[in-house]
Amino acid sequence: MEHYHMNLNLKVWRQKNNQSKGEFKLYRVENISSEMSFLEMFDVLNEQLIRDGEDPVTFDHDCREGICGACSMYINGKPHGPWQANTTCQLHMRAFKDGDTIVVEPWRANAFPVIKDLMVDRSAFDRIIQAGGYISVNTGNAVDGNALPIEKDKADSSFAAAMCIGCGACVAACKNSSAMLFLSAKVSHLALLPQGAPERKTRVMNMVAQMDKEGFGACTNTGACEATCPKEISISNIARLNQEYLMASLTAE
Amino acid sequence: MTWKQVFISSVGKKLVMGLTGIFLILFLIVHAGLNACIWANDGGEMFLHAAHFMGGNWVPRILEIGLFVGFILHIYQGYLLTVENRKKRSVGYAVAYSDGSKWYSRSMGLLGTLILLFLIMHMSHFWFPNRSNQGFLLGPEINLYEKMKTEFSVLWVVIVYVIGCISLAYHLAHGFQSAFKTLGVHNKKYNKMLVSIGYGFSVIVPLVFAMMPISFYFKWIQ
Ligand code: HEM
Ligand code: SF4
Ligand code: FES
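Residues numbered from 1 in each chain as written. Chains lettered and ligands numbered in written order. Predicted model: local features only at pLDDT ≥ 70, side-chain atom pairs only at ≥ 80, totals over all residues. Heavy atoms only, no water.

Peer 1: Explain the domain arrangement of chain A to me, and be specific about the residues and the numbers.
Peer 2: Residue and element names in this part refer to chain A. You can read the domains of chain A as domain 1 (5–116) and domain 2 (123–250). Of note, the centres of domain 1 and domain 2, computed from C-alpha atoms alone, are 29 Å apart. On the domain 1 side of the contact with domain 2, Ala85, Ala111 and Phe112 bury the most area, a combined 35% of that side's loss. Linking domain 1 with domain 2 are zero salt bridges. The interface formed by domain 1 and domain 2 contains four residue pairs in polar contact (both at pLDDT 80 or more). Looking at side-chain class alone, the side of domain 1 that touches domain 2 contains nine nonpolar, six polar and two charged residues. (Domains from an automatic or database assignment. Buried area = accessible area lost by both parts, 1.4 Å probe. Salt bridge = Lys/Arg side-chain N within 4 Å of Asp/Glu carboxyl O. Polar contact = N/O pair within 3.5 Å; in protein donor to acceptor, adjacent residues only side chain to side chain. Nonpolar A, V, L, I, M, F, W, Y, C, P; charged D, E, K, R; others polar.)

Peer 1: Talk me through unusual backbone geometry; I want residue IDs and the actual numbers.
Peer 2: Residue and element names in this part refer to chain A. The phi dihedral of Ala85 is positive, around 50°, even though this residue is not glycine. Within the secondary structure, Ala85 is located in the loop between strand E4 (78–79) and strand E5 (101–105). Even without being glycine, Asn221 reaches a positive phi, approximately 55°. Examined against the element boundaries, Asn221 turns out to sit in the loop between helix H6 (200–213) and helix H7 (224–228). Exposure remark for Asn221: the relative accessible area of 7% places this residue in the buried category. (Helix = DSSP H or I, 4+ residues; strand = E, 2+ residues; numbered from the N terminus. Buried < 20%, exposed > 50% of the residue type's maximum accessible area, 1.4 Å probe, protein only.)

Right under this line is the structure:
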């Protein structure tokens, strides 16, 4: 595709801190290259704001290569913007045309309170992981590779679930602010492997309890999470999580 | 982990929705099947036999209590879910995300409310008068076939019934497949099958129901 430049109108959510109300502000950026990433476009905006003596827009980012899950922006009505299976940092400006107006909002969920502008606090996800998203192992000698046979299909499904980068787009997309796609990815990736089996029941119980405590909503299988997930985590993981939970609650003490 | 903890958790609440939803789906099959007797077109003879049995025999009367419990649980839990889920996002989006999911999957509370309003009207047409007379022996058994004829000779009643059936169709278009996912069916081959059966069911069953008032209105059955 041909390289071009564009002028854009940005409608960006500005909010001083968790307590303040926040509002949309309009900005104009000019001469943006179609080869820039969305975050580079924001860098241009921020340099402009700093030059004008204004407060730059705060946003989360780290790897800028689609693997850390930090870059949370809700762009024109979709988490991570218009492309499929993509993170905000990997969204390129060729997704837009000269003269476009782009609306950028933070993830909206009470469990993800806004820290400042577009940056939200996603530590709720960390606490869900702490509640059981791990396996307890004795660290002795490293075992031989392939000492524990694992069916290829299972390993593939587990890997696919382990792709989740904990970005929170599923919560942002969901009408119920449910974290079930995230949780189901974490539970599935361990439930599918023999290493995850010993703590299988307590894991799902504790992680669901923590998810509820953090104030996420209940899943109603609408599928918005799967449609926006940058790592294409399948919604069938949610059904697997439901099964894990049902089995655990039927057989737990 | 106590049962109480299970059923007040977000996943447990959905289990109640799924189980009661499937129970109500089974009820719909029975209800549609019995009422289809009107198309025997025998002046209501076969239908009245069936209706007499359902209203007078103690087996369906006991099952009916289960049906009420199912409905009440489903409706109560449905509203609880809808209200609680809405509270999880105090500040909404300026631009809604509507591409990722079907409108009817996001409108289960609204569709359920339409079904509920329809149900209240439907029960006051048939269930209440019939139960007070036949069930509690307060009067002579009502000829439900004649009652259908009278009610369904009014155009607006027929239209409201059809709207009720359309609401049910969309509720089931999402609800049928969702219920099985909620109960933990994650195998691809079953899910594919259940999605197709679900769409089939949500078209055919409400259509059968809608055809009843329509058949009476246009005097296809006498
Ligand atoms: C004959 C009537 C009905 C049938 C067959 C039916 C069936 C279902 C099914 C199968 C589900 C899916 C459960 C799941 O996802 O696990 C469902 C969900 C739901 N129903 Fe019903 N339902 C009926 C009536 C009602 C009524 C009268 C209301 C309410 C006022 C209602 C409100 C809801 C709500 C709010 C949900 C949850 C939405 C969701 O989980 O996505 N339903 N229903
Ligand atoms: S499931 Fe997908 S959308 Fe949700 S946190 Fe993981 S990677 Fe992000
Ligand atoms: S910045 Fe790491 S995924 Fe986007």
